[in-house]
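Observations on chain architecture
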Amino acid sequence: QVHLVESGGGLVHTGGSLRLSCAASGRPLSYYTMGWFRQAPGKEREFVSVINWDGGKTLYADFVKGRFTISRDNAKNTMNLQMISLKPEDTAVYFCAATSNRWSLLVGASGYDYWGPGTQVTVSS
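Since we're looking at a predicted model, the values are computed, not measured. (Residues numbered from 1 in each chain as written. Predicted model: local features only at pLDDT ≥ 70, side-chain atom pairs only at ≥ 80, totals over all residues. Heavy atoms only, no water.)

Now for the state of the cysteines. For the structure shown, the criterion picks out one disulfide. With its sulfur 2.1 Å from that of its partner, C22 forms a disulfide with C96. What sets the handedness of the C22 and C96 disulfide is the S-S torsion sign, and at about 60° it is right-handed. With C22 in strand β3 (residues 18-26) and C96 in strand β9 (residues 92-99), the pair connects residues that are 74 residues apart, well separated along the chain. C96 matches C22 in its accessibility class, with the two residues each being buried. (Disulfide = S-S within 2.5 Å. Helix = DSSP H or I, 4+ residues; strand = E, 2+ residues; numbered from the N terminus. Buried < 20%, exposed > 50% of the residue type's maximum accessible area, 1.4 Å probe, protein only.)

Here is the structure:
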């Protein structure tokens with residue numbers, strides 16, 4: 001079992017940048033493929049990005065390609081999401097998630113076993 005906690009959210013202006021981090025405790029992060037999801041008020045939780053267990057493979061939602069970069073440091077048990085060129089439509093609660101399915105880049109939230117509580121990202125226009 002792994003316990004996840006996100007950090008790094010905040011309020012930025014359009015065009016600004018933020019770096020989200022996900023810290024894990026418990027089982028080593030290398031056991032998991034990790035993902036980022038987000039949920040805006042009144043909307044479904046949506047996939048943002050995923051990285052496989054060793055960081056060798058990544059996948060991004062079309063709406064963040066070229067703006068967000070996912071990375072992980074298994075030695076430090078952390079995962080990050082670097083976000084640049086932020087837009088008001090990026091405003092949401094961002095969640096990190098872990099799946100024991102190490103060999104697939106899952107984009108569906110139902111495939112993930114563990115979730116952090118989320119961190120709020122607000123982009124003002």
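Backbone geometry follows two general trends: most residues other than glycine have a negative phi, and most peptide bonds adopt the trans configuration. In this structure, N77 takes a positive phi of about 60° despite not being glycine. Tracing the backbone through its elements, the reader meets N77 in the loop between β7 (68-73) and β8 (78-83). Positive phi values are uncommon outside glycine, yet S85 reaches one of about 50°. By secondary structure assignment, the location of S85 is in the loop between β8 and β9. Owing to a relative accessible area of 37%, S85 belongs among the partly exposed residues under this scheme.

Our focus in this paragraph is the environment of W103. Tracing the backbone through its elements, the reader meets W103 in the loop between β9 and β10 (114-115). Using a relative accessible area of 69% as the deciding quantity, one classes W103 as exposed. A sequence separation of 79 residues divides W103 from A24, and the C-alpha atoms of the two residues are 20 Å apart. Sequence-distant contacts of W103, defined by excluding residues within four places in its chain, comprise T33 and W53. (Contact = heavy atoms within 4.5 Å.)

The subject of this paragraph is the pairing of β9. Within β9, seven of the eight residues are buried, leaving the element largely enclosed by the surrounding structure. The pairing of strand β4 (residues 33-39) with β9 spans seven bridges and is antiparallel. Note on β9: the bridge partner recorded for W36 is C96. The pairing of β9 with strand β11 (residues 119-124) spans three bridges and is classified as antiparallel. Within the sheet, the bridge partner assigned to A92 lies in β11 and is V121. Strand direction decides the pairing type here: β9 and β10, joined by two bridges, are antiparallel. Each residue of the ladder has a partner; that of A97, found in β10, is W115. (Pairing = 2+ DSSP bridges.)

Before going further, it helps to examine the environment of P41. Inspection of the secondary structure assignment puts P41 in the loop between β4 and β5 (46-51). Taking C-alpha positions, P41 is 7.1 Å from A92, a pair spaced 51 residues apart along the chain.

Let us look at the side chain of E6. The residue E6 is located in strand β1 (residues 2-7) in this model. Side-chain polar atoms of E6 contact the backbone nitrogen of C96, separated by 2.9 Å. At a separation of 2.7 Å, a polar atom in the side chain of E6 contacts the main-chain amide nitrogen of G118. Not counting chain neighbours up to four residues away, the residues in contact with E6 comprise S21, C22, W36, Y94, F95, C96, G116, P117, G118 and T119. (Polar contact = N/O pair within 3.5 Å; in protein donor to acceptor, adjacent residues only side chain to side chain.)

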